[in-house]
Amino acid sequence: MPDPVNPEVEWARRLLAGDAAAFTPFVESFQSKVFQYTWLMCGQREDAEEVAQDTLLKVFESFDQLREPEHVKAWVFRIARNYCLMKRRRSVFAPDRELSLDELMPRALPDSDSAGVAPSSRVPDQRELPEQKLLRKELNRELEAAMQELPTNYRSVVLLRDVEGLSTAEVADVLNLSLDVVKQRLHRGRLALRKRLAGYLAPAGKVSA
Amino acid sequence: MNTAKHEHRAVDPSCREVFERLSEYLDGELSPQDCAHIQEHIKDCAPCVAFVESLKASIQASHDLRPAKPVHKLDAEAQKKLTAAWKAALERRSA
C-alpha cells in the first residue's frame, strides 16, 4: 500500500522490481511535480515543458542508478535542477542577488488600525470575494508571480522545501548547499513571499509589510 | 503590545535574533531551549503573533500551491521513449 504522503517511493520500488503497473502513476505524478518546478524556475511555459520532458527521460535512462528509492523525489529534482541550470545558461536570465534581512524585517509595528499598511495591500474584504475558490485562485496567482520575482537562489530553495515538501537536508543535497545556507535562503525567501502576500494573509493593520 | 520587552525594530538585537530564526522555529528545527526563548519573546505581543501567523499562512499557501496551467499529457511517442529508457535501465541493472 503506497504511503499517501509519498506514494512515489512505493512506485519507485515497484519500478525497480520491473512492475509495469507502477509506470503510469509514477510518470503522471512526476510530470506534474517537475513541470511545476520547471515552470516556476524557468518562467517560460515552452522552456518548462521541454525541461520537464528532458528530466523525465533522464530519470528513466538513469533508473538503474537509483540507489535509495526512499529519496526518489530528491533524486528526480536533482536531475530537474541540472536541466534548469543548463536551460538558464542558454538563455538570458537575471543574475542572482542577495535579499537583505533588514529589508524584510517588520518595521515598528503600530497598534493603530491601518497605519503602515498600504491601501493596496490590505486584506481583501471577505464580502467582496464571497467565493472561497476565487480567493484561493487569486492567492495562487499572486504566489506564482511572487515566486517568479524571487531571485533564483532563493526560489529554488523555497520551491523544493515548501512547494515540493523535501526536507531541509534533501534540499541541501539537491542544490549542493550547506544546511546553514539552505536555512538562511529558505527563511529570507519565505519572508519575501510573506511581504509580497501580506495583503492576502495578515490581519489588516497589524503587521507592517 | 508589550513595548517594555521589545520594540519590533531591526536595531533591537534580541528582536533581530528571534526574527532570524522564525523559520526554524516554525519548522520545529530548534532545540527546546531556543524554542522557549522565541515563545517567551513573542508572548503577549499581538503584532508579533500576527507576524508569525502571516508567515505561517504564507508557508501554507506555498504547500498548497498547484500549477494554474494544465500540464500537457505526454504524447504516445514520448511515452514510448520513457518506457524504452526504463526497460533498458532495468536490463543494465540485472546484467
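In this report, the structure presented in the accompanying data block is examined.

Cut-off values and rules
- Sequence positions are assigned chain by chain, starting from 1 and proceeding in written order.
- Each chain gets a letter, beginning with A, and each ligand a number, beginning with 1, in the order they are written.
- Only residues with pLDDT of at least 70 are given local features in this predicted model, and only at 80 or more are side-chain atom pairs given and counted; all residues enter the totals for whole chains, interfaces and linings.
- Runs of E in the DSSP output that reach at least two residues are strands. Runs of H or I that reach at least four are helices, and both are numbered from the N terminus.
- Three classes are used. A residue is buried when 20 or more other C-beta atoms lie within 10 Å of its own, exposed when 12 or fewer do, and partly exposed in between, with C-beta atoms placed from the backbone.
- Whether two residues are in contact depends on their C-beta atoms, placed from the backbone: they are in contact if these lie within 7 Å.
- Interaxial angle, 0 to 180 degrees, is taken between N-to-C directions of lines fitted to C-alpha atoms, where a helix line uses only the stretch in contact.
- Oblique is the label for any angle not covered by the other classes, which are roughly parallel (under 35 degrees), roughly antiparallel (over 145) and roughly perpendicular (65 to 115).
- By definition, a nonpolar core groups buried Ala, Val, Leu, Ile, Met, Phe, Trp, Tyr and Cys residues that connect through C-beta atoms lying within 7 Å of each other.
- The length a helix should cover is 1.5 Å for every residue beyond the first.
- Taken from the helix axis, the directions to the C-beta atoms give the arc we talk about.
- Crossing handedness: left-handed means the near helix sits turned counterclockwise from the far one by under a right angle, and right-handed means the same turn made clockwise.
- For this scheme, ten residues count as nonpolar: Ala, Val, Leu, Ile, Met, Phe, Trp, Tyr, Cys and Pro. Four count as charged, namely Asp, Glu, Lys and Arg, and the remainder, Gly too, count as polar.

Topic: the overall build of chain B
When helices and strands are tallied, chain B shows 5 helices and 0 strands. Reading the helices (α) and strands (β) of chain B from amino to carboxyl end gives α-α-α-α-α. Within chain B, buried positions represent 21% of all 95 residues. Here the analysis covers contacts within chain B between residues at least 6 apart in sequence; of these, 43% occur between residues at least 24 apart.

Structural notes on the packing of helix H7 (residues 152-163) of chain A against helix H4 (residues 46-64) of chain B
Interhelical geometry of H7(A) versus H4(B) gives an angle of 80° and a closest axis separation of 8 Å. In terms of orientation, H7(A) lies roughly perpendicular with respect to H4(B). Here Val158(A), Asp162(A) and Val163(A) of H7(A) lie close against H4(B), whose contacting residues are Ile59(B), Ser62(B) and His63(B).

So, the nonpolar core
Ranked by internal contacts, the top residues of the largest apolar core, which has 54 residues, are Val34(A), Leu56(A), Val76(A) and Leu159(A). A per-element tally of this core places helix H2 (residues 23-42) of chain A first, with 10 residues. Leave out the neighbours within four places in its chain, and Val76(A) touches Phe30(A), Val34(A) and Val59(A). Core analysis: the second largest hydrophobic core is formed by 11 residues, Leu22(B), Ile38(B), Phe51(B) and Leu55(B) among them.

Points about helix H6 (residues 132-149) of chain A
One turn of an α-helix holds 3.6 residues; hence residues three or four places apart share an orientation. The end-to-end C-alpha distance of H6(A) is 26 Å, a good match for the 26 Å that 18 residues give at a rise of 1.5 Å each. If you check which residues of H6(A) are buried, you get Leu143(A), Ala146(A) and Met147(A). Looking straight down H6(A), one finds that the buried residues subtend no more than 100° of arc, so they occupy a single side. Among the exposed residues of H6(A), those oriented more than 90 degrees off its buried face are Lys133(A), Leu134(A), Arg141(A) and Ala145(A). Where H6(A) is buried, its residues touch H2, H7 and helix H9 (179-201) of chain A together with H4 of chain B.

Section: the packing of H2(A) against helix H3 (residues 45-61) of chain A
Residues and elements named next belong to chain A. Where H2 contacts H3, the axes come no closer than 8 Å and their chain directions differ by 135°. Classified by the interaxial angle, the pair formed by H2 and H3 is oblique. You can see that H2 and H3 cross each other, and the crossing is right-handed. For the pair H2 and H3, the contacting residues are Val27, Phe30, Gln31, Val34, Phe35, Thr38, Trp39 and Cys42 in the first and Arg45, Asp47, Ala48, Glu49, Val51, Ala52, Thr55 and Leu56 in the second. Classifying every residue of the contact of H2 with H3 gives 10 nonpolar, 3 polar and 3 charged.

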